[in-house]
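So you can see what is in the structure, the chains are spelled out below.
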Amino acid sequence: MSYQESYDLIQKAINVEPVDRVPVVYMGVAFAPRYMGMSIAEFCEDPEAALQVQLDAMDRLDEVAGGLDGANLAGGGKISVALTAIWLSHIDVPGRELPEDSLWQVREEEVMTVDDYDTIVEQGWGAFFMSYLPRVIDMAEFGQSMGWSAANQQRIQRLYREHEYVVVCDAGINVNVPFEPLCGGRSMSQFFLDLYRIPDKVEAAMDVILEETLASIAAYEGEHGIGGTWLGGWRAASALLAPKLWDRFVWPYYLELVDALVAQDIVPVLHWDQDWTRDLGRLKELPAKKCILNPDGMTDLRTFKELVGDHMAVMGDVPATLFAAGTPDDIHAYVRDLVRDVGPTGLILCPGCDAPINTKPENMEAFVEAAHEYGTLV
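Parameters at a glance
- Residues numbered from 1 in each chain as written.
- Predicted model: local features only at pLDDT ≥ 70, side-chain atom pairs only at ≥ 80, totals over all residues.
- Heavy atoms only, no water.
- Pairing = 2+ DSSP bridges.
- Helix = DSSP H or I, 4+ residues; strand = E, 2+ residues; numbered from the N terminus.
- Axes fitted to C-alpha atoms, helices over the stretch in contact; angles between N-to-C directions.
- Contact = heavy atoms within 4.5 Å.
- Buried < 20%, exposed > 50% of the residue type's maximum accessible area, 1.4 Å probe, protein only.
- Disulfide = S-S within 2.5 Å.
- Phe/Tyr/Trp six-rings, centres within 6.5 Å; stacked < 30°, edge-to-face > 60°.

### Some words on the sheet that holds strand β9 (residues 313–318)
Next, step 1: The parallel open sheet is built from five strands, whose spatial order is β6-β7-β8-β9-β10. The two strands at the open ends of the sheet, each matched to only one other strand, are β6 (228–230) and β10 (347–351). This sheet shows a mean twist of 25° between the axes of neighbouring strands, independent of strand direction.
Next, step 2: With three bridges connecting them, β6 and strand β7 (residues 267–272) associate as parallel partners. In the sheet register, G228 faces β7, and the bridge partner there is V267.
Next, step 3: Against the sheet, helix α1 (residues 3–14) makes contact with β7, β8 (292–295), β9 and β10, and its axis sits at roughly 105° relative to β10, the strand it touches most.
Next, step 4: Along the sheet face, helix α17 (residues 361–375) touches β9 and β10 and points at about 170° away from the line of β10.

Written out as structure tokens, the structure is:
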């Protein structure tokens, strides 16, 4: 299939328009090196290797399983640096703190202090962020990694296009709700206590982060294709927070950030891990056919379809557990039912969150095969 054909399919899915085939995209950060025989330590240390190995894995799936339309995210760069920036946490890296072929790990510990909330309000988010980073990462490594990513962003997109792959999240801007970095820096247990003990202090810091993030979105002038960007949610999930807290510290920030992204012709990809079923109806408050829900297999997509209908596309959501512990027949059955119950319009088939490191190769291949078997409509 050509790049343009895949692009048109994905664009129709986002617009919730009829398609003759449900598009299928790749997502398997740690699966790619394992599939291609590369150590996870090399993957984490060499940004160029991380770029090439995902393309190699996708090309191999093309050959043996029938073809991919693209990827949720492009490969490349250092995963440990990216995760540090999201969660303000130290990442244990294979080949350093961990065995060479194990998975990287977020170190869950309290690094950010209560006083840091005041510092954010007084100094601003950007200034605090750069002063905080040395607590959790070597700044030389951070600078080198960010420099590599900035220098290679256009080349990465060009490489994917040369391989006939559409990258859904190709907008050159990173956006996060304030909840996530604060929760990572404080640690989950301490941050959740903060929401009860010092809610006004937390909210004041969140509002500063929001305003600076909105300003960066307004200043964005990058070129892109699909124009997606992750607006993630992990610890902010509905299943983890009481409604009163979620309504105050989570949802208002999504509303403002989504509106700002859409105004810049960027597609918010709600990469929501954990279970968000309780609040799926709130998605009707977002602009119609401008966003993508990208869940991990825990959110009930039948409820999504019932409550949200054709208001928003969904990209997912074959669960990690099925990739790791299921069989090809299990994968086929899940994809078949997903196309029947949630698609075919407004659906982009994709692993839920991320195909895990221990995905059975035959299950990933079965996923691509099943996408073509059940997603082809004419």
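### Considering the sheet that holds strand β5 (residues 166–167)
Next, step 1: Strand order in the open sheet formed by three strands is β1-β2-β5, and the pairing between neighbours is parallel. The open sheet terminates on both sides in strands that have one partner only, identified here as β1 (25–26) and β5.

### Let's talk about helix α5 (residues 79–87)
Next, step 1: Residues of α5 that are buried: I79, S80, V81, L83, T84 and W87.
Next, step 2: Elements in contact with the buried residues of α5: α3 (40–45), β3 (91–92), β4 (105–106), α8 (139–162) and α9 (179–186).
Next, step 3: Phi for L88, located one or two positions after α5, is positive at around 50°.

### Examining the state of the cysteines
Next, step 1: With the rule as written, the count across this model stands at zero disulfides.
Next, step 2: The thiol of C183 is unpaired, and the distance to the nearest cysteine sulfur, on C353, comes to 16 Å.
Next, step 3: Residue classification places C183 among the buried positions, given a relative accessible area of 0%.
Next, step 4: Between C350, a cysteine without a disulfide, and C353, which holds the nearest cysteine sulfur, the sulfur-to-sulfur distance is 9.2 Å.

### With respect to the packing of aromatic side chains
Next, step 1: Counting across every chain of the model gives 18 aromatic pairs.
Next, step 2: Where F43 meets W104, the ring centres are 6.0 Å apart and the plane angle is 20°; that geometry is what we call stacked. Of this pair, F43 sits in helix α3 while W104 sits in the loop between β3 and β4, placing them 61 residues apart in sequence.
Next, step 3: Centre to centre, the rings of F129 and F142 are 6.5 Å apart; their planes meet at 65°, and the pair counts as edge-to-face. Pair noted here: F129 is in helix α7 (residues 125–132) and F142 is in helix α8, with a separation of 13 residues, a long-range link.
Next, step 4: We classify F129 as buried; its relative accessible area is 14%.
Next, step 5: Put simply, the rings of W125, F128, F129, Y132 and F142 pair up and form one aromatic cluster.

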